[in-house]
Each structure stands twice: as structure tokens, then as C-alpha cells.
Amino acid sequence: MKAELAALITEALEKLVTEGVLGAIPDAPPQIDRPKDASHGDLSCNIAMVLAKRAGLPPRDLATRIIDALPDNTLVDTSHIAGPGFLNFFINAGHHTQVVKAILKTGVGFGCCDEGAGRRVQVEFVSANPTGPLHVGHGRGAAIGDSLSRLLEATGWRVHREFYYNDAGQQINNLALSVQARARGKTPYDPDWPKDGYQGSYIEEVARAFAAGETVEAADRVITGTGDIKDLDAIRDFAVACLRREQDQDLRAFQIVFDEYFLESSLYDSGAVENTVAALRAAGHTYDEEEALWLRTTDFGDDKDRVMRKREGGYTYFVPDVAYHHNKWERGFERVINEQGADHHSTITRVRAGLQGLDAGIPEGWPEYVLHQMVTVMRDGAEVKLSKRAGSYVTLRDLIDWVGCDATRYFLVARAPTSQLTFDVDLALARSNENPVYYIQYAHARCASVMRKAAATAGGLTPEAGLNHLSMLSEPETMALAISLGRFPEVVATAAARLEPHDVANYLRELAADLHSFYNAHKILEAAPETASARLALVAATRQVIANGLGLLGVAAPESM
RNA sequence: GCGGAAUUAGCUCAGCUGGAUAGAGCGUCGGUCUACGAAACCGAAGGUCGCAGGUUCGACUCCUGCAUUCCGCGCCA
């Protein structure tokens with residue numbers, strides 16, 4: 001609807017250009033807003049104020065000229081000039097309700113567009129190292145990353161979901177040593193417990209399984225424990241498989257599916273790391289100093305240069321990081337979006353600097369990043385800091401066990417990633433209007449219930465029949481609901497463009513409120529037949545949009561609760 | 001000290017990339033079930049948008065300082 005109006009206004013501007021009132025029309029399409037105040041119409045435009053100076057006319061005079069130049073159309077009922085020069089448009093009521101037809105016809109596809117045109121985007125998220133169960137921070141990353149992926153798919157992108165992990169570094173070594181110590185019957189309280197060892201009780205389970213010779217099947221590997229507690233390599237392989245399986249289970253419980261698990265070790269095996277170093281050297285961005293090899297990242301906006309190869313010989317972690325992202329580029333992803341915790345903020349400059357240093361024609365702002373802030377968990381009015389199994393942090397599994405997958409996903413994705421999140425367990429558990437996820441799901445179930453009732457009634461009331469009587473829809477609550485339904489495609493497009501899934505959550509809250517208001521104000525099935533069928537069509541359309549929206553968040557849309 | 005994020009109603013948060021009288025939910029107060037789902041609805045009260053400048057027709061939004069909170073700042077990952 002916005003686009004239609006923008007086109008009309010552009011046409012009017014073109015006419016004013018030929019009349020010599022304006023020099024040239026602006027490059028960008030006119031900005032169309034939805035005013036908060038209903039008396040300002042359905043849509044408004046600020047173009048007269050924007051162009052007033054260039055036209056050499058007072059904004060209100062220019063506004064008059066624009067309105068007069070507007071071509072004949074069926075979209076706009078009336079238009080007014082208001083305030084300093086706003087154009088306010090009242091849209092024909094029929095246009096608002098026609099969206100019901102479009103929704104029922106398009107179904108699950110309503111809200112989607114082809115902005116991405118099948119281009120490929122990779123979304124990397126979670127990327128937890130296999131040293132323990134996923135914690136709530138990973139959960140936030142999982143919820144945001146998956147929802148982002150769904151939004152991109154809905155807007156025409158081909159999405160590749162990827163999970164990257166370090167399967168060979170010092171942290172993994174600590175993991176192996178911890179398991180070995182547990183296998184030898186030691187506890188974290190013993191004096192010879194490994195330094196920086198992992199203390200959670202899950203380590204004990206791994207040790208027991210290894211000793212018992214169990215076979216572990218994870219999403220990307222299968223390993224059998226040898227039981228030889230002196231063989232650190234065997235323990236390492238087994239422990240990694242165990243923790244990967246643990247995380248697989250967490251992700252499955254959270255309804256997240258990845259297309260690919262990418263191993264850091266593969267970058268060494270394939271020679272990608274060595275090739276990256278060689279390329280950076282060849283491009284002349286490196287130098288030797290104090291027996292180490294440095295990358296001149298300050299050439300690319302970093303505040304100091306970074307070591308690539310340490311004095312003792314190994315590479316620092318950011319070298320494989322650069323190799324990994326070069327690999328992503330070579331795989332042909334036009335866009336790459338990395339969803340990470342904000343504590344990894346400093347890697348952005350380094351990775352981008354490394355990629356620029358390769359002189360491979362990679363754009364400066366590539367890859368894109370979405371960073372989320374910390375999550376704290378509140379229960380019974382106090383912060384929860386410990387988990388039974390993991391010890392030092394609250395796990396994603398804890399949250400899912402406490403409040404369920406739907407509420408966990410909704411709460412973790414409903415806030416802007418940039419703001420710190422307090423997860424209120426008691427609120428997420430509440431089965432009342434305190435709880436937004438149930439509020440939205442209830443709206444969906446309510447629609448489904450009305451539809452069931454209609455289908456079971458002898459009168460033959462169907463949403464399809466209602467499509468011929470949409471003109472019966474007229475009351476304020478009814479129109480408000482129809483208008484909200486019409487916003488959905490804009491919400492999806494904006495949320496995808498800004499990489500902000502929480503827009504969808506907010507929209508659904510508002511849509512559910514509109515549905516409930518409508519429902520309480522007007523009888524549906526007991527109205528006169530034509531009105532009843534039209535309202536039933538509106539309800540069916542609402543159910544569809546709520547289902548589509550919840551789908552973008554990875555939250556279920558129950559038929560009954 | 002440097003970099004990033006945040007600061008909006010008692011609480012938790014939105015605010016459509018600069019628009020009109022700053023919005024929700026919870027909580028508080030007051031109403032609505034012989035009713036298609038009351039897990040709902042309707043109404044009321046509640047604000048110096050952290051502070052101070054600047055940019056312009058117009059600032060919660062952009063710029064510059066300052067304050068406070070969180071996160072980074074390793075030849076760890």
C-alpha cells in the first residue's frame with residue numbers, strides 16, 4: 001500500500017517537473033509513514049517539506065500543488081494538508097479489507113517477497129566450542145540467528161545456516177585433561193586437578209561413558225570410547241563427540257537445524273591457514289618483529305597491529321578466523337551474517353582487516369555482524385547464576401526445561417539484540433495475559449476455535465464465501481484489524497532489511513491485541529450471514545498471519561491450548 | 001585510559017533509520033462472563049526521553065562534550 005501511494009506521488013512530482021514547478025524529482029521514492037494519530041489519515045508523506053526549499057515555495061503551497069497533480073486513482077479517498085506541510089491520505093476502505101483475500105489466497109506465503117531473488121546468504125550462529133552444554137547466551141544467539149535466517153528466507157534469500165567450532169585448540173585440551181582427571185577419580189577440589197579444567201558434573205558423565213566404551217553419535221561424527229585413560233588423543237576425540245552430541249540435543253530441543261558444521265581443524269588440514277598467511281605476506285601487509293609475524297591491521301582501521309604467528313610457532317586464533325571467512329567468500333556467499341555475543345566485538349575489525357589484506361576484492365563491510373548483549377536469568381526475584389550440570393552458568397536446557405521451547409525462543413528473540421536481556425522465568429511461566437507468548441498463541445487458538453465452530457455449524461459458513469462480502473466489514477475494531485494485517489509484509493521486509501527479528505515479535509503482540517479487541521466487540525458466527533462470513537474470512541486471515549509471524553520466530557502456532 | 005553497547009512511565013521494553021499530542025505490557029485503581037475460548041476486553045492514573053550544548057522548518061532519533069551501567073582491550077579462543 002505504501003509503495004502504491006509512493007508511485008502516485010512520484011507521478012504527481014513528475015507532472016510538476018514538466019510544469020516547471022520543480023527542477024527534478026529526487027532519486028529516492030517519497031517517504032510514506034503510518035501516522036500514529038488516526039485523524040492524520042492512514043498514510044502520510046513529508047515530501048512537501050523536504051522539497052520546499054528546492055522548489056522555492058512554502059511547504060503548504062507545494063503540498064497543494066502536489067495534491068492537485070495527483071493522478072486519478074481508487075486508492076485514496078481523501079487527502080488533506082496538515083501542520084507544517086504534511087500530506088495526509090485517507091485510504092479507501094475497500095483497499096484495507098481486500099488484504100483478506102490476498103492472505104487467504106497466498107496462505108503461508110503471505111508476507112514473503114523476492115527481495116533476495118534467490119541470492120545466497122550464509123548465517124553463522126551459535127558456534128559454541130564443544131566444551132560444555134549451551135548456555136543462555138548461546139540460546140539468545142540461536143534464537144536470533146535462526147529467526148534471522150527465517151526472515152531472510154521469507155524475503156527471497158537462499159540461506160545456509162552454519163555452526164563453526166574449534167575442535168583442536170587449548171580449550172579442547174583442557175577438556176580432555178578434565179575428562180582424564182575425572183576418569184582417574186579426581187574432583188575439582190583435589191590439588192592436582194588440571195589448571196583451567198572444566199568443573200561441571202557433565203565431565204564426570206563423559207569420563208564414565210569413555211571408560212565404559214560407549215559409542216557416541218553426534219550430528220557430524222561418530223566415536224567409540226577406547227577406555228584407555230592414558231590415551232589423551234582418544235579421550236579428546238571422544239569428549240568432543242560427547243559435547244557435540246550434548247549440544248545437538250540442546251539445539252534439537254530448541255528446534256534449530258544447521259546445514260553445516262564447520263571445523264576449525266579442517267582449515268589446517270586443507271592448508272587454508274598456510275595459504276592465508278602466504279597471501280597476506282605476498283600482499284605486503286605483514287612484518288616480522290620480536291620473533292613473531294605481525295599483520296599490519298592498523299592499515300585497515302585497527303588500533304594496533306596483531307600477531308599472526310607466535311614466537312613459539314603456533315598461529316593466533318584470528319588467522320584461522322580470516323582463513324575461515326576467506327573460505328566463506330570463495331564459497332560464493334554474496335552476504336555473510338555473523339551472529340555473535342557482543343563480547344566478541346573486537347574480532348570484527350580484525351577479521352575484516354585480514355580479509356582486506358588479502359586483496360581478494362572483498363567489500364570493506366563484509367561480513368555483516370549482529371551482536372547480542374548479555375542475558376541474565378531471574379527467578380523468584382533473584383538472579384540465577386548456577387546450573388546443576390554445568391556448574392558455572394545457566395544452560396539453555398535449564399530454560400527449556402523450566403518454561404518450554406516456545407516461551408524460551410520468544411523471550412530470547414523479542415528484544416533488540418543490542419539491549420541487555422533479563423530473562424524472567426516466572427513471567428515466562430505465567431499462563432495469563434502477563435505473558436506475551438501465550439497472549440499471541442491464544443489469539444491464534446481463538447481464531448482456530450472459531451473456524452472449527454464455523455465448520456461444524458450446518459449453515460455452510462466458510463471464509464471463502466466471506467470474500468464476496470468483505471464490504472460488510474466496517475466497524476472501527478474490524479478496520480483496525482484489517483489494517484494491521486495489511487502491515488505484515490512491510491514488517492517482514494523491514495525486519496529482514498534491518499536484521500531485527502524483534503520487530504516481528506512486537507508486531508504480533510499488536511496484531512493479537514487487535515484480534516482480541518475485535519473479538520470482544522463483535523459477534524462473528526451469530527451475525528447476519530453475509531456479515532458473519534466476512535468476519536469469518538477476517539478471522540481466518542488473522543490466524544494465517546499470526547501463524548506466519550510465529551513461524552518466523554520459530555514459535556509454534558497451536559490450534560488449541 | 002581506549003573501543004563498543006545501553007540510558008525512555010514504579011518494573012520490563014518498543015519507538016518504523018529526522019516528523020505531528022513519546023507508545024505497549026506488567027503492576028496500581030475502576031468496570032465487563034445465563035456469552036463463538038475471560039489465557040480475553042473496556043477505562044483511569046502514571047514522562048524534564050540520563051545531563052548540557054549544537055545541526056534545522058522539526059530531534060527520543062543525527063553531531064560534540066559529560067555522567068552512570070554492562071562488555072571487550074593477551075604472542076587466549
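Residues numbered from 1 in each chain as written. Chains lettered and ligands numbered in written order. Predicted model: local features only at pLDDT ≥ 70, side-chain atom pairs only at ≥ 80, totals over all residues. Heavy atoms only, no water.

**Considerations on the overall build of chain A**
Spelled out, the test is: The helix count covers DSSP runs of H or I at least four residues long, the strand count covers runs of E at least two residues long, and both are numbered beginning at the N terminus. Exposure classes here rest on a 1.4 Å probe applied to the protein chains alone. A residue is buried below 20% of its type maximum, exposed above 50%, and partly exposed in between. In this analysis, two residues are considered to be in contact whenever any of their non-hydrogen atoms come within 4.5 Å of each other. Residues scored as positive are Lys and Arg, those scored as negative are Asp and Glu, and His as well as the terminal groups of each chain are ignored. To locate a charge, take atom NZ for lysine, CZ for arginine, CG for aspartate or CD for glutamate.
Along the backbone of chain A there are 20 helices and 17 strands. Viewed in the frame of its principal axes, chain A has a C-alpha envelope of about 85 × 65 × 40 Å. Every one of the 561 residues in chain A was classed for burial, and the buried ones make up 52%. Long-range pairs, those at least 24 residues apart, make up 71% of the contacts in chain A with a sequence separation of at least 6. Distance from the positive charge centre (56 side chains) to the negative charge centre (75 side chains) of chain A: 3 Å.

**Examining the domain arrangement of chain A**
Rules: Boundary definitions for the domains trace back to an automatic or database domain assignment.
Domain parsing of chain A yields domain 1 (2–91), domain 2 (97–113 + 433–553), domain 3 (170–258) and domain 4 (270–372). For domain 1 and domain 3, the distance between their C-alpha centres works out to 66 Å.

**Description of the pattern of salt bridges**
Stated precisely, the cut-off is as follows: By salt bridge we mean one thing: a side-chain nitrogen of Lys or Arg within 4 Å of a carboxyl oxygen of Asp or Glu.
Tallying each qualifying case throughout the model produces 29 salt bridges. We note a salt bridge from Arg182 to Glu204, for which the minimum N-O separation is 3.6 Å. Pair noted here: Arg182 is in helix α6 (residues 170–183) and Glu204 is in helix α7 (residues 202–211), with a separation of 22 residues, a long-range link. With a relative accessible area of 15%, Arg182 lands in the buried category. Taking relative accessible area as the criterion, Glu204 reaches 35% and is therefore assigned partly exposed. Ionic pairing is found between Arg335 and Glu368, a salt bridge with its closest N-O pair at 2.8 Å. With Arg335 in strand β13 (residues 335–341) and Glu368 in strand β14 (residues 368–372), this residue pair connects regions lying 33 residues apart in the sequence. For Arg335, a relative accessible area of 16% gives the class buried.

**Brief notes about unusual backbone geometry**
In the segment running from Trp366 into Pro367, the intervening peptide bond is cis, with an omega of -5 degrees. Relative to the helices and strands, Pro367 resides in the loop between α12 (346–357) and β14. Here Leu499, not a glycine, exhibits a phi torsion of approximately 55 degrees, which is positive. Mapped onto the elements, Leu499 comes out in the loop between α18 (476–498) and α19 (502–521). Relative accessible area serves as the criterion here: at 10%, Leu499 is assigned to the buried category.

**Comments concerning the packing of aromatic side chains**
Stated precisely, the cut-off is as follows: Planes of paired rings set the category: under 30 degrees apart is stacked, over 60 is edge-to-face and the rest tilted, where pairs are Phe, Tyr or Trp rings (Trp by its six-membered ring) whose centres lie within 6.5 Å.
Enumeration over the complete set of coordinates arrives at 15 aromatic pairs. Ring geometry for Phe163 against Tyr261: centres 5.1 Å apart, planes inclined by 45 degrees, an arrangement best described as tilted. Highlighted residues: Phe163 in strand β6 (residues 158–165) and Tyr261 in strand β9 (residues 260–263), separated in sequence by 98 residues. Residue classification places Phe163 among the buried positions, given a relative accessible area of 0%. Look at Tyr261 and you get buried, because its relative accessible area is 18%. Chaining the aromatic ring pairs together yields one cluster made of Phe125, Phe163, Tyr165, Phe258 and Tyr261.

**A closer look at the packing of helix α8 (residues 232–253) against helix α13 (residues 396–403)**
Heads up, the rule is: The angle between two axes is taken between their N-to-C directions and runs from 0 to 180 degrees, where each axis is a line fitted to C-alpha atoms and a helix contributes only its stretch in contact. Left-handed describes a crossing whose near helix is turned anticlockwise from the far helix by less than a right angle; the clockwise case is right-handed.
Their axes nearest at 10 Å, the elements α8 and α13 cross at an angle of 35 degrees. Both α8 and α13 take part in a crossing whose hand is left-handed. Along the contact surface, α8 presents Gln249, Asp250 and Ala253, while α13 presents Leu396, Arg397 and Ile400.

**Topic: α19**
For clarity, the threshold we go by: Here the expected length of a helix is defined as 1.5 Å per residue gap, with one fewer gap than residues.
Across its 20 residues, α19 extends 29 Å between first and last C-alpha, which sits within 8% of the 28 Å expected from 1.5 Å per residue. Listing the buried residues of α19 in full gives His502, Asp503, Val504, Ala505, Tyr507, Leu508, Leu511, Ala512, Asp514, Leu515, His516 and Phe518. At its buried positions, α19 is contacted by α5 (136–154), α14 (405–413), α16 (436–456), α18 and α20 (529–553).

**Let's talk about α12**
The end-to-end C-alpha separation of α12 is 17 Å, in line with the 16 Å expected for 12 residues at 1.5 Å each. Of all 12 residues making up α12, nine are buried, and the element is well covered by its neighbours. Here the buried face of α12 lies against α10 (272–282), β11 (292–295), β12 (306–309), α11 (318–330), β13 and β14. Positive backbone phi, at 50 degrees, marks Asp359, one or two positions downstream of α12.

**A short note on the pairing of β6**
This is how it is decided: By convention, orient the strands away from the viewer: a clockwise path from the first strand over the helix to the second makes the crossover right-handed. Pairs of strands are assigned from DSSP output, requiring at least two bridges between the strands.
Counting buried positions over the eight residues of β6 gives seven, a clear majority of the element. With respect to chirality, the unit in which strand β5 (residues 120–124) leads through α5 into the neighbouring parallel β6 is right-handed. Across four bridges, the pairing between β6 and β9 is parallel. When the bridges of β9 are listed, Tyr165 appears paired with Leu263.

**A closer look at the side chain of Ser533**
Stated precisely, the cut-off is as follows: Any N or O atom pair separated by 3.5 Å or less is treated as a polar contact, with the protein-specific requirement of one donor-capable and one acceptor-capable atom, and with residues adjacent in sequence counted only for side-chain atom pairs.
Within the fold, Ser533 resides in helix α20. You can call Ser533 buried: its relative accessible area is 3%. A polar contact of 2.9 Å, which involves the side chain of Ser533, links it to the backbone oxygen of Glu530.

**Overview of the sheet that holds strand β2 (residues 43–45)**
Judged by pairing direction, the sheet is antiparallel, and its four strands sit side by side in the order β1-β2-β4-β3 without closing on themselves. With one partner strand each, in any of the chains shown, β1 (32–33) and β3 (76–82) form the two edges of the open sheet. Here β2 runs beside strand β4 (residues 86–91); their pairing, made up of three bridges, is antiparallel. By the bridge assignment, Ser44 is partnered in β4 with Asn88.

**A look at the sheet that holds β12**
The strands making up a sheet associate through backbone hydrogen bonding, with each pair oriented either parallel or antiparallel. Read from one edge to the other, the open sheet built from three strands follows the order β10-β11-β12, with strand pairing classed as antiparallel. Each of the sheet's edge strands pairs with one partner strand only, and the pair in question is β10 (286–289) and β12. The sheet shows a mean angle of 45 degrees between the axes of neighbouring strands, taken without regard to direction. Pairing of β11 with β12 involves three bridges; the strand directions are antiparallel. Its bridge partner being in β12, Leu293 is matched across the sheet by Arg309.

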